[in-house]
Amino acid sequence: MNVEQTLTDELRHVAASVEAPPPPIAGLVRAAERARTRTLRTRLAGTVLVAAAVVGAIVIGTQVGRQSTAPPPTNPSPSPSYYASGVPYVDREGTLYIDHQPQPGQWSRAVTVGEYTAAFPRDDDPLTDTAVILRNGVEVDTVSDVFHGPEFSPGGTKMAWFTATLYTGELVVRDLADFGDVDRLPVELGSPGGTQPVLRVEDDGTVFYNTHYPTDELNWSWKPGGAKVRVATPPREDGIPNPAGFQGIRAMVHLSPDHLWGAWLTDRDGGKLAPDEGPSRLTVQKPGEPDSRFTIPVAGATGPGSVAIWDSPTRLTIVGDSEVACDIVTRQCRD
Amino acid sequence: MALGSSLPLSATPTYEEYVGARWAALYRTAYLLTGNHADAEDLAQTTMVKAYQSWSKVVGAESPDAYVRRILTNAFLSSRRPLRISRERLVDEAPDTPVAASHDHDRLVLWPHISSLSPRQRAVVVLRYYEDLSEQQIADVLGCSTGTVKSTASDAVRALRSRLTATEGDRS
């Protein structure tokens, strides 16, 4: 079989079979204008909004039934027992579970670090989100106009996020003791075609961020009340920050479903993998607890580009050219 | 129909004209990248919002399609990558494409395995084998060298071939 020709044929076949929904022109214009309004802190000329509303009135009917293009779920929702008690999660149907109890509304995702969870209700805004902040499953705050984040500090004392915009905006640090804003910093958020900013925040409120993925030209640290300072090292090799408790790890850290462990792939000596190198060891550690770190030899050759994926709170599969199953309880990997 | 070969446009299209002419093609490319409708819609919308924000640059570019394609690809590579990988893993086999479910499933021997590729590999595969871009064009989109494009494409094809061989072994 000619794999490359088959690939071309199948991609074209799949693409031709995909039924695209109607173009949501009015929604796109509104979202973009909203972001621009927030960015520039100016009042948008009413004529633009009126024009957008007129366009919206014309095309809104075309969006009815848009959901019908989405196929039904193809696999069952994760079992509630999959998650540790107290870790909120969102299933594939968009239901938020807290202590395994379904909550009202439709949700897109929930991200938990320690006691805190950012849960995101579904909305029609393609640019920004609203994040409901939970502490141990109880709602304590709401953050709107979130362009990226919020991220929580390892000790659960601060959170930080970027407000809505594309190229300029604000970086906000909020104290989780009184939910007051510690400080705000105007920031440039990237160039056209550029991408999401990255972000991490420490317990003293110091923020590290990078807004020009994947280059390392603009990495900054900023402590509220002070000026931003350039830093040489990006949060991680590819610019994406690792979860709280794994700062300094240059490989991609994967959190277990209950967020009790993080795992990453290394070479034989525990170091960074070369681009053409397959993993030799799986390193596992609890967030913020380097003393808990241990490594497991990876039996089998999964090859370059392998990723570690948690299948349960204690088991992972390393997926590459082949698959290797690892158990952090028995500390063994088998192909 | 890939983005670069879709409906003709005037020399300086308005945003609305561009979206109207290119939306379906953009959506299909987004679908190939993400493997499901929900993420494809998010990705296509995010791309076009970003395009609106810099519309004068888009429409003034030598190739507006190339500009938008770059926005699309970078948005895909940077957004929620770990979540996307884990979600795909939960799916276990093929992405939730209606194609595999409603058409001749046996013909699609590689598509079910594309979700196992890394996002960067998948982007290179889609740009090269669907969008029919040259290595230099892909390098421009991704902001990397042609050597990186070659090695990424080679790794992706090798991985797909390996998975295909494994699958055929299981069937026999």
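Residues numbered from 1 in each chain as written. Chains lettered and ligands numbered in written order. Predicted model: local features only at pLDDT ≥ 70, side-chain atom pairs only at ≥ 80, totals over all residues. Heavy atoms only, no water.

A. Looking closely at the sheet that holds strand β1 (residues 89–90) of chain A. Residues and elements named next belong to chain A. Reading across the sheet, the three strands line up as β1-β2-β3 and stay open at both edges, with antiparallel pairing between neighbours. Of all the strands in the sheet, the pair left with one neighbour each is β1 and β3 (101–102). Pairing of β1 with strand β2 (residues 96–98) involves two bridges; the strand directions are antiparallel. Residue pairing across strands places Val90 opposite Leu96, the latter belonging to β2. (Pairing = 2+ DSSP bridges. Helix = DSSP H or I, 4+ residues; strand = E, 2+ residues; numbered from the N terminus.)

B. Broad picture of the nonpolar core. Within the largest apolar cluster, 60 residues are counted, with the highest numbers of intra-cluster contacts made by A:Leu7, A:Leu11, B:Tyr15, B:Trp23, B:Leu32, B:Met48 and B:Trp111. The dominant element in this core, judged by the number of residues it contributes, is helix α1 (residues 15–34) of chain B, at ten residues. Judged by nonpolar contacts, the second largest core, of 16 residues, contains A:Val284, A:Phe294, A:Leu316 and A:Cys326. (Core = buried A, V, L, I, M, F, W, Y, C linked by side-chain atoms within 4.5 Å. Buried < 20%, exposed > 50% of the residue type's maximum accessible area, 1.4 Å probe, protein only.)

C. Fine view of the packing of helix α8 (residues 119–130) of chain B against helix α9 (residues 135–142) of chain B. Residues and elements named next belong to chain B. Taken N-terminus to C-terminus, the directions of α8 and α9 make an angle of 135 degrees; their axes are 10 Å apart at the nearest point. Relative to α9, the element α8 is oriented oblique. Crossing hand, α8 versus α9: right-handed. Two secondary-structure elements touch here, α8 through Arg120, Val124, Leu127 and Arg128 and α9 through Glu135, Ile138, Val141 and Leu142. Across the contact of α8 with α9, the residue classes tally to five nonpolar, no polar and three charged. (Axes fitted to C-alpha atoms, helices over the stretch in contact; angles between N-to-C directions. Parallel < 35°, antiparallel > 145°, perpendicular 65-115°, else oblique. Left-handed = near helix turned anticlockwise from the far one by under 90°. Contact = heavy atoms within 4.5 Å. Nonpolar A, V, L, I, M, F, W, Y, C, P; charged D, E, K, R; others polar.)

D. How the structure looks around α9(B). All names here are of chain B. Every buried residue of α9 is listed here: Ile138, Ala139, Val141 and Leu142. All buried residues of α9 project into a common sector of 160 degrees when viewed along the axis, lining one side. Just downstream of α9 lies Gly143, where phi reads positive at about 70 degrees. (Arc of directions from axis to C-beta.)

E. Examining α1(B) more closely. Residue and element names in this part refer to chain B. For α1, which comprises 20 residues, the first-to-last C-alpha distance of 25 Å sits more than 12% below the rise-based estimate of 28 Å (1.5 Å per residue). Along α1, the sharpest change in direction is near 55 degrees and occurs at Arg22. The buried fraction of α1 is high, at 15 of 20 residues. One or two positions beyond α1, positive phi appears at Gly35, with a value near 85 degrees. (Expected span 1.5 Å × (residues − 1). Bend = angle between axes of the 7 residues up to and from the residue.)

F. Examining the packing of aromatic side chains more closely. Residues and elements named next belong to chain A. Counted by the stated rule, this structure contains five aromatic pairs over all chains. An angle of 20 degrees between the planes, with centres 5.6 Å apart, marks the rings of Tyr116 and Phe152 as stacked. One end of the pair, Tyr116, is in strand β5 (residues 116–121); the other, Phe152, is in strand β7 (residues 138–152), and 36 residues separate them in sequence. By the burial criterion, Tyr116 is buried, and Phe152 matches it. Between the aromatic rings of Trp261 and Phe294, the centroid separation amounts to 5.8 Å while the plane-to-plane angle is 70 degrees, which identifies the pairing as edge-to-face. On the criterion of sequence distance, the pair formed by Trp261 in the loop between β15 (254–255) and β16 (262–266) and Phe294 in strand β18 (residues 289–297) is long-range, its members being 33 residues apart. (Phe/Tyr/Trp six-rings, centres within 6.5 Å; stacked < 30°, edge-to-face > 60°.)

No statement about biological role is implied by the geometric values presented.
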